[in-house]
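What follows is each chain in one-letter form.
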Amino acid sequence: MRLRYIAMRLVQLIPMVLVVTMVVFFVMMIVPGDPVMVMLGAVDGAQVSREVYDAMRIHLGLDQPLIVQYLHWLANLLHGDLGTSITHRTAALEVIVQRLVPTMYLMVGGLIIAVIIAVPAGVLAAIHNNTKWDHLATAFVVAGISVPTFWLALVAVLIFAVYLGWLPAIGYTRPQDDFVDFLKHIALPMSVVALNIAATVLRFQRQDFLEQMQQDYVRTARAKGLSERLVQWKHVLRNSLITTFTVVGLQMAYLSGLITIVESVFNYPGIGYLLLNSIRTRDFIVVQGVVLFMVFLVIVVNLIVDILYTVLDPRIRYS
Amino acid sequence: MKAQTADESASFERPAARSSTVLRSVIAFIGSDRRFIVGGLLLILYILIALTGPSISPHDLNAPDLDVRLGAPTATHWLGTDRIGRDVLTRIIAGSQVSLEVAAGAVLMALMIGAPLGAVGSYVGGKIDALVQRVMEGIMAFPSLVLALALVALAGPSVVILWFAIAFSSVPRYARLVRSGVLTQKEREYVLAAQAMGQSPLRILFKQILPNIMAPIAVQLTLDFARAISVEAALSYLGLGLSVPYISWGTMIRDAQDFLEVAPWLAIFPGLALAGVILAFTLVGDALRDRMDPRMRRSLSRRMI
């Protein structure tokens, strides 16, 4: 049964992948100006020789009908060919994969810290509904939503790097080179990511926990004579964790944007920073590649979340 | 419960009584939710500031005053001065205009693209509906900020491009809202009655169905406003916002980065202005949503028991 569900989910992905790739492909098409010049990174009136221009035009297949161009591009994509970066002079996919590791540290670390903070805090806020703790949690959530990330990051730099001098403001060290230095560099960006995600997770965890507490199974568990603590931390938490998983999955798209901002503030060499640098150098093959890469990450994570559902809640089946 | 039924029957006989009941319940709602009061007042303040514009300040918006470069807040310059001695407060006031204008345009554009897509899909049904839905699902997989970044980078920043870039990823939300609204309303008696009277589908949509699904749309608009403001600020901060003569809070913070050590107020105050307006829209939107979401109301009333 579970395999059937996974298979159906995979089939459902096909139209979505088609739409996503079409959007990326046609967004590149609607760019004002000559796509050949744009692809060559020569938009500001720079001179390009005839040979280079024609080579690029044929390379891009612009002499063919649009639908053929799209299919050709899609076929290349399926082979992992995102094109060649103009500034790096290597395959775009290679450039992206190189930058992936630092981003993964930031994303995964930030998510883990966020869940560790937000899940217990959300449960406590729900159990002590309408008390000082609950109000404090709500204030944290509202602040987390209202305060712009890049500004929070700058204030963090101001306090911990400029005034206190505890941590470096920018940069990155690989963990295999100097682990302590790696931790020092990643501490601020990771905290900003974690705080931001924690606010959202806390909000949903608290709300779902409150709703779960009203369910019949809670009354049954209480009627059986189970202690309140056991009901809350075993029965209710288990059920509301499903919501938390969904929220984390839905946050993936948001997280890519968040990562881009945070990496920009801290000059942190991940794929978000790569995206901005490629925009600056007008290396549109890489821009396109990073956008596609991020979208596929979102789709894959949501697929994994859906499959994990069936493990967490055996009642979910494809219908 | 009894009082409500009495009111309704009274209003049936005397239509005038109904409007006063509505007004009373609106006032009661505003008074009952602190988020609505705080958020609403803050919002009015921001709108007033944006409407009056930088002309209320005694300082000139663009004139440099080299004697007070990077000046700390004083009695003359309440929020300090920037690297060429321009008054920060005056520029923040001017920034409120860009922030609200870009966000308003983006939100309206998302509604104007999304609502017809959802309406047509649900009204026609079949393959067109399925197609629209698949496209909307695809768009929802895009990280909104990253897509906006790419769009602005490719097409170059202008007010219309910003509207579109910020609106693009919210389109599915309106399409879905309108779609589900139309689907639930389309079988109701009043719609069937209008159809029997021979009204055109467009007329039914606008005159009959739309007023009945306005509430969730209004909530979505309010919450999207907050999101649009923060995306605009983020784009400007990343160097992809409107350039001179437009003044954006995001750009102000970007410029302030180089002076973080000597003049932190340059970064702090525009950020507070941003957080304040996002907070205002979020509070009002949340208060409205909790009021309208029947699920929330139920849990609220249960809690009261």
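The preceding data block contains the structure.
Enquirer: I keep staring at the overall build of chain B and nothing clicks. Help me out?
Expert: Scanning chain B for helices and strands turns up 14 helices and zero strands. Counting from the amino terminus, chain B carries its helices and strands in the arrangement α-α-α-α-α-α-α-α-α-α-α-α-α-α. Out of the 305 residues belonging to chain B, those deemed buried represent 47%. Within chain B, contacts between residues at least 6 apart in sequence are counted, and of these 70% link residues at least 24 apart. In the form shown here, chain B has an accessible surface area of approximately 15,400 Å², with 65% of it arising from carbon and sulfur atoms.

Enquirer: Just to check I follow, could you spell out the overall build of chain A for this structure?
Expert: Scanning chain A from N- to C-terminus turns up 12 helices and zero strands. Secondary structure elements of chain A, listed N to C terminal, follow the sequence α-α-α-α-α-α-α-α-α-α-α-α. The buried share of chain A, taken over its 319 residues, is 47%. Positive and negative side-chain charges in chain A, numbering 22 and 19 respectively, have mean positions lying 13 Å apart.

Enquirer: Mind showing me how you'd approach the interface of chain B and chain A here?
Expert: Think of interface size as the accessible area that goes away when the parts come together; that is how it is often given. Listed by partner, the interface residues are 45 residues for chain B and 47 residues for chain A. There are one salt bridge connecting chain B and chain A. One salt bridge in this structure joins Asp-286 of chain B and Arg-203 of chain A, with 2.8 Å as the shortest N-O distance. Summed over the shared surface of chain B and chain A, the number is two residue pairs in polar contact (both at pLDDT 80 or more). Those elements that provide at least two residues to the side of chain B that touches chain A are helix H5 (126-140), helix H6 (144-155), helix H11 (214-237), helix H12 (249-256), helix H13 (265-292) and helix H14 (294-304) of chain B. No other element matches the 12 residues that H13 of chain B contributes to the side of chain B that touches chain A. Taken together, the residues of the side of chain B that touches chain A sort by class into 31 nonpolar, six polar and eight charged.

Enquirer: What should I look at first to understand empty space enclosed by the protein in this one?
Expert: Rolled over the atoms, a probe as big as a water molecule pinpoints where empty space is left. Scanning all chains against the criterion turns up three cavities of 30 Å³ or more. Taken as a whole, the largest cavity holds about 70 Å³ of empty space. Around the largest cavity, the lining residues are Val-24, Val-27, Met-28, Val-287, Gln-288 and Val-291 of chain A together with Phe-142, Leu-147, Ala-150 and Leu-154 of chain B. Mapped by element, the contributors of at least two residues to the lining of the largest cavity are helix H1 (2-29) and helix H12 (284-312) of chain A together with H6 of chain B.

Enquirer: Honestly, the nonpolar core in this entry has me stumped. Any pointers?
Expert: If you look at soluble globular proteins, the nonpolar side chains tend to sit buried side by side. Core analysis: the largest hydrophobic core is formed by 170 residues, its most contacted members being Phe-150, Leu-255 and Phe-266 of chain A together with Ile-229 and Leu-235 of chain B. Of the residues forming this core, the biggest block, 14 residues, is contributed by H12 of chain A. When sequence neighbours within four positions are dropped, the list of residues in contact with Phe-266 of chain A reads Ala-153, Val-157, Ala-169, Ile-170, Gly-171, Leu-188, Pro-189 and Val-192 of chain A.

Enquirer: What exactly am I supposed to notice about a nonpolar patch on the surface here?
Expert: A surface patch of nonpolar side chains, amounting to about 680 Å² of accessible area, comprises Ile-37, Val-38, Leu-41, Ile-44, Ile-47, Leu-48 and Leu-51 of chain B. Along the chain, Ile-44 of chain B turns up in helix H3 (residues 34-52).

Enquirer: It is not clear to me how helix H7 (residues 149-163) of chain A should be interpreted in this structure. Could you clarify?
Expert: For H7 of chain A, with 15 residues, the first-to-last C-alpha span of 20 Å sits near the 21 Å given by 1.5 Å per residue. Of all bends in H7 of chain A, the biggest is about 25°, found at Val-157 of chain A. When we look at burial in H7 of chain A, the residues that qualify are Thr-149, Phe-150, Trp-151, Ala-153, Leu-154, Ala-156, Val-157, Leu-158 and Ala-161 of chain A. If you follow the buried residues of H7 of chain A, they end up packed against helix H8 (179-212) and helix H10 (228-265) of chain A together with H11, H12 and H13 of chain B.

Enquirer: Just checking my understanding: could you explain the packing of aromatic side chains for this structure?
Expert: The geometry of an aromatic ring pair comes down to the distance between the two centres and the angle between the two planes. On inspection of all chains with the given rule, the structure shows 14 aromatic pairs over all chains. Aromatic side chains Phe-225 of chain B and Phe-281 of chain B sit 4.3 Å apart centroid to centroid with 10° between the ring planes, which places their arrangement in the stacked category. Remark: Phe-281 of chain B occurs in helix H13 and Phe-225 of chain B occurs in helix H11; sequence separation between them is 56 residues. With respect to class, Phe-225 of chain B is no different from Phe-281 of chain B; both count as buried. An aromatic cluster is built from Tyr-105, Tyr-172, Phe-179, Phe-182 and Tyr-268 of chain A, whose rings are joined through pairwise contacts.

Enquirer: What am I meant to see in the side chain of Asp-286 of chain B here?
Expert: Of note, Asp-286 of chain B is situated in helix H13. One polar contact links Asp-286 of chain B to Arg-203 of chain A, side chain to side chain, over a distance of 2.8 Å. Beyond its immediate stretch of four places on either side in the chain, Asp-286 of chain B contacts Arg-203 of chain A together with Arg-35 and Leu-223 of chain B.

Enquirer: Help me understand the environment of Met-190 of chain A in this model?
Expert: All names here are of chain A. Structurally, Met-190 is set in helix H8. For Met-190, a relative accessible area of 15% corresponds to the buried category. Setting aside anything within four residues of it in sequence, one finds Met-190 in contact with Tyr-105, Leu-106, Gly-109, Gly-110 and Ile-113.

Enquirer: How should I be thinking about the environment of Gly-61 of chain A in this particular structure?
Expert: Position of Gly-61 of chain A relative to the elements: it lies in the loop between helix H3 (50-59) and helix H4 (66-78). A sequence separation of 12 residues divides Gly-61 of chain A from Trp-73 of chain A, and the C-alpha atoms of the two residues are 9.1 Å apart.

Enquirer: It is not clear to me how the side chain of Gln-205 of chain A should be interpreted in this structure. Could you clarify?
Expert: All names here are of chain A. Among the structural elements, Gln-205 can be located in helix H8. What makes Gln-205 buried here is its relative accessible area of 1%. A distance of 2.5 Å separates polar atoms of two side chains, one belonging to Gln-205 and the other to Thr-244. Here Gln-205 is in contact with Ala-118, Val-119, Gly-122, Val-123, Leu-237, Ser-240, Leu-241 and Thr-244, once residues within four sequence places are set aside.

Enquirer: Hey, could you run me through the pattern of salt bridges in this one?
Expert: Side chains that carry opposite charge are capable of pairing whenever their charged atoms lie near each other. Using the criterion set out here, one finds 11 salt bridges over all chains in the structure. For Asp-177 of chain A, the salt bridge goes to Arg-174 of chain A, with nearest N and O atoms at 3.2 Å. The salt bridge partner of Arg-289 of chain B is Asp-286 of chain B, with a shortest N-O separation of 3.2 Å. Here Arg-289 of chain B and its partner Asp-286 of chain B are both found in helix H13, three residues apart, which amounts to about one turn of the helix. With a relative accessible area of 30%, Arg-289 of chain B lands in the partly exposed category. Here Asp-286 of chain B falls in the buried class, since its relative accessible area comes to 10%. Residues participating in the shared-partner salt-bridge network are Arg-203 of chain A together with Asp-286 and Arg-289 of chain B.

Enquirer: Sorry, what's going on with the packing of H10 of chain A against H12 of chain A here?
Expert: In a packed pair of helices, the relevant descriptors are the angle between the two axes and the axis-to-axis distance. Residues and elements named next belong to chain A. Close contact between H10 and H12 brings their axes to 10 Å; oriented N to C, the two are set at 175°. On the basis of the axis angle, H10 is roughly antiparallel to H12. Across the interface between the two elements, Arg-238, Ile-242, Phe-245, Thr-246, Gly-249, Leu-250, Met-252, Ala-253, Ser-256 and Thr-260 of H10 pack against Met-294, Leu-297, Val-298, Val-301, Asn-302, Val-305, Leu-308, Tyr-309 and Leu-312 of H12.

Enquirer: I would appreciate a short explanation of unusual backbone geometry in the present structure.
Expert: When glycine is set aside, most residues are seen to have a negative phi, and most peptide bonds are trans. All names here are of chain A. Positive phi is not limited to glycine here, since Asn-130 has a value of about 65°. With respect to the secondary-structure elements, Asn-130 resides in the loop between helix H5 (92-127) and helix H6 (132-146). Phi is positive for Asn-267, which is not a glycine, with a value near 45°. Structurally, Asn-267 can be placed in the loop between H10 and helix H11 (271-280). Classification of Asn-267 by relative accessible area gives partly exposed; the value is 33%.

About the thresholds
- Residues numbered from 1 in each chain as written.
- Chains lettered and ligands numbered in written order.
- Predicted model: local features only at pLDDT ≥ 70, side-chain atom pairs only at ≥ 80, totals over all residues.
- Heavy atoms only, no water.
- Helix = DSSP H or I, 4+ residues; strand = E, 2+ residues; numbered from the N terminus.
- Buried < 20%, exposed > 50% of the residue type's maximum accessible area, 1.4 Å probe, protein only.
- Contact = heavy atoms within 4.5 Å.
- Areas by Shrake-Rupley, 256 points an atom, 1.4 Å probe, with all protein chains shown as cover.
- Lys, Arg positive; Asp, Glu negative; His and termini not counted.
- Charge placed at Lys NZ, Arg CZ, Asp CG, Glu CD.
- Salt bridge = Lys/Arg side-chain N within 4 Å of Asp/Glu carboxyl O.
- Polar contact = N/O pair within 3.5 Å; in protein donor to acceptor, adjacent residues only side chain to side chain.
- Nonpolar A, V, L, I, M, F, W, Y, C, P; charged D, E, K, R; others polar.
- 1 Å grid on protein atoms, 1.4 Å probe; cavity = no way out; pocket = protein on both sides within 12 Å on 5 of 7 lines; lining within 4 Å.
- Points joined across faces, edges and corners; volume = space filled by probe spheres on them.
- Core = buried A, V, L, I, M, F, W, Y, C linked by side-chain atoms within 4.5 Å.
- Patch = residues over 30% accessible without salt bridge, like charges linked within 9 Å, V, L, I, M, F, W, Y side chains within 5 Å.
- Expected span 1.5 Å × (residues − 1).
- Bend = angle between axes of the 7 residues up to and from the residue.
- Phe/Tyr/Trp six-rings, centres within 6.5 Å; stacked < 30°, edge-to-face > 60°.
- Axes fitted to C-alpha atoms, helices over the stretch in contact; angles between N-to-C directions.
- Parallel < 35°, antiparallel > 145°, perpendicular 65-115°, else oblique.

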